[in-house]
Amino acid sequence: MSPIRSVAVLGGGISGLSTVYYLTRALPRHVPITIYESSKRLGGYIQSTQFVLPSADRNRGEDHVLFEHGPRTLRVSKRVSSVNIFDLIRRLNLIDDLILVPKQSAAAKNRYIFYDGKINMIPYSVTSMLQFYFSQPLFRGMLLEVLREPFRRNRPKAVVEANDESIGSFMTRRFGPRITERLISAAIHGIYAGDINVLSVKSILAYLWQRETTWGSVLPIWKRRTTLETKDPYSERHKEHLKALLEDNREFMDTLEGASIVSFRHGMQCLVDRLQEEVLKLGNVTVRYEDPVRHLENVVDGITVSSAMGAQTYSHVFSALPSRTLAELTEPPLAELLQKIPSVSVNVVNLFFNKPRLLPVTGFGYLLPKAVPREHNPERALGVVFDSDAVSRDHGEGAIPGSFQDSVDGTKLTVMLGGHWWNKEMPIKEHDKAIALARQLISRQIGVNETPVLAQATFQENCIPQYVVGHHANLRAIQEAVLAQFNGKLILTGASFLGVSVNDCVYNARIAVEDTVACNGKGITGLEAKALYDY
């Protein structure tokens, strides 16, 4: 009999649902799987809401507008995590619901950074790079910094001894403060809502860290033929996965060849809804809504999960909870190590204006770097997404009328407030105050002064884990502590550990399940892909 007799999955976000999906494919149908979810719904931070507006056209009745309160797009690439999620989309029969954004569209090419009081376009080609270098203040002085990079000194002794470094320190050493403060900090705001002077380059930009380790430079043109050394025991595994996934999805991936990003006609919510439908129809999956877990105890025949509704023992537990939430359920030293992975909160403000083409430019949106002084960003904004452009009905050269996800033309924006800025300031949780700040921001920065016909603010508390300096070393310590405390019966997955994107969360859940089943439920923590080696 398999040692995996029953499974609890803690957390019903995208990581937890993906874990359950892959468990149902890997385990016999008689193995019961229970999802513990503290809220009334599954999906976590992925949430789409459709609002109804009275239509100006009497023959049409009502119009609808869709707001995304969390992730809104999936990036298309040949990375294994990207191809894996498209494999999942195909298996869930969601292909017909996809919206493909072409690489040549304004949404894909036109991305901006707010600096020096105005919006500056980020180069999308060598030609545009030269053009913008001389025409936009954002890029002044950067060319020389790039040319100097291969000749800069290697890691100082303190960095070598620490075996990690902040992104801000690393990029300043390699490219100088202009590129770091104006460009890199903006990009990190868009992905992690984090502070480049705190986040780990080794964990977040591992390929740059490895380039400097191997080549002594990030851009060593004359050494490009030297293969980057890797001690990653999962490297070949990922290559095999990628090869098989590309083969299984050849026709589908061909249709995505010209796409930059994709979304869904009914929002990202349809991905988690379809996952939920798929796993619940099998009969061996149970969801315990509004049942937060209180404690985990290692016992002889498994792990006892104590929750608001009682206690039950399972042979194995997969945790997709945020690390600090899991810390409250465990004992030291594991609890102390899990507490070292912080998260930041973001207030996501959605705005819809019934007047189309309100924006001064077309494109995906703009980010605000750390280089923008406080007086130009008192709202503590991270960025603004031009939703009516990002998934536009018009991917040609003409004016963009509106979003594929809405039945009515208009201008739709999402303003992200907070992130690491709120680590030292009081976060803005109030709905009306967040909307007022978002409107104030777009009025001052892009001249949108109209009153929105729809406005929604969603405070996403502790929604993005922060891989701070020392994160990789902490993962290795967590790996040892989990094995010591739970004897391989507790498996960790989720955004707190190996990647924050939707693609990463889904793929890492798959790896955790495959490893656990392959090892008969013994000696796996879910962190092996990073914790088993150094780099």
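On a predicted model such as this, the values are computed, not experimentally measured, just so you know.

A. Layout of the overall build of the protein. If you tally the helices and strands in the protein, you get 20 helices and 20 strands. What you see for the protein is a C-alpha radius of gyration of 24 Å, in line with the 24 Å of a compact globule of 535 residues. Referenced to the eigenvectors of the C-alpha coordinate spread, the extents of the protein come out at roughly 70 × 65 × 50 Å. Look at the contacts in the protein between residues 6 or more apart in sequence, and 75% of them connect residues 24 or more apart. Just so you have it, the protein exposes about 23,200 Å², and 52% of that area is on carbon and sulfur atoms. In the protein, the 61 positive side-chain charges and the 55 negative ones have mean positions that sit 5 Å from each other.

B. Spotlight on unusual backbone geometry. Along the chain, proline 332 connects to proline 333 via a cis peptide bond; the corresponding omega equals 5°. Its place among the elements puts proline 333 in the loop between helix 14 (323–327) and helix 15 (334–338). Positioned with a positive phi, asparagine 462 is a non-glycine residue whose angle comes to about 50°. Tracing the sequence through the fold places asparagine 462 in strand 19 (residues 454–465). Given the relative accessible area of 39%, asparagine 462 is considered partly exposed. Positive phi is not limited to glycine here, since asparagine 520 has a value of about 55°. By the secondary structure assignment, asparagine 520 is in the loop between helix 19 (502–518) and helix 20 (528–531).

C. Broad picture of the pairing of strand 13 (residues 310–314). One ladder, built from five bridges, connects strand 12 (residues 302–307) with strand 13; its direction is antiparallel. Bridging across to strand 13, valine 305 finds its partner in glutamine 312. Following strand 12, the chain reverses through two residues before pairing antiparallel with strand 13.

D. Geometry of the pairing of strand 1 (residues 7–10). Every second residue of strand 1 is oriented toward a common face, with Val7 and Val9 on one face and Ala8 and Leu10 on the other, all of them buried. Across four bridges, the pairing between strand 1 and strand 14 (residues 316–319) is parallel. When the bridges of strand 14 are listed, leucine 10 appears paired with serine 319. As judged from the four bridges shared by strand 1 and strand 2 (residues 33–36), these two strands associate in the parallel manner. From the neighbouring strand, alanine 8 faces strand 2, where its bridge partner is threonine 34.

E. The packing of aromatic side chains, seen in detail. Within the structure shown, the criterion is met by eight aromatic pairs. Considering the side-chain rings of tyrosine 36 and tyrosine 314, the 6.1 Å spacing of their centres and the 85° angle between planes classify their relative orientation as edge-to-face. Note that tyrosine 36 is positioned in strand 2 and tyrosine 314 in strand 13, a separation of 278 residues in sequence. The same class applies to tyrosine 36 and to tyrosine 314, which are both buried. When the ring of phenylalanine 86 is compared with that of phenylalanine 252, the centres are 6.0 Å apart and the planes differ by 85°; the resulting orientation is edge-to-face. With phenylalanine 86 in helix 2 (residues 80–91) and phenylalanine 252 in helix 12 (residues 250–255), the pair connects residues that are 166 residues apart, well separated along the chain. A single burial state applies to phenylalanine 86 and to phenylalanine 252, both of which are buried. Clustering of aromatic rings is evident, with ring pairs tying together Phe114, Tyr366 and Phe386. Residue placement shows arginine 111 over the ring face of phenylalanine 364; its charged tip is 4.3 Å from the ring centre.

So, how was this worked out
What you see as residue numbers is a count from 1 along each chain, following the sequence as written. For a predicted model such as this one, the threshold for reporting local features is a pLDDT of at least 70, and the threshold for listing and counting side-chain atom pairs is 80 or more; totals across whole chains, interfaces and linings nevertheless cover every residue. Think of the side-chain values as coming from all heavy atoms in the structure, minus any hydrogens and water. Strands are runs of DSSP state E lasting at least 2 residues, helices are runs of H or I lasting at least 4, and numbering of each runs from the N terminus. Radius of gyration: over C-alpha atoms. The globule rule applied is 2.2 Å multiplied by the number of residues raised to the 0.38 power. Note on contacts: a residue pair qualifies if any of its non-hydrogen atoms lie within 4.5 Å across the two residues. Only the protein chains shown count as cover for residues, with accessible areas throughout obtained via the Shrake-Rupley method and a probe of 1.4 Å. Positive charges come from Lys and Arg, negative ones from Asp and Glu, while His and the chain ends are left out of the count. Where a charge sits is defined by one atom per residue type, namely NZ (Lys), CZ (Arg), CG (Asp) or CD (Glu). Any residue under 20% of the maximum accessible area for its type is buried, any over 50% is exposed, and the rest in between are partly exposed; the area is computed with a 1.4 Å probe on protein chains only. Should DSSP find at least two bridges between two strands, the strands are regarded as paired. In summary, the pairing rule links any two rings of Phe, Tyr or Trp, Trp by its six-membered ring, whose centres are within 6.5 Å, and it sorts them by plane angle into stacked for under 30 degrees, edge-to-face for over 60 and tilted for everything else. Criterion for a charge above a ring: Arg CZ or Lys NZ at most 6 Å from the ring centre, at most 35 degrees from the ring normal.

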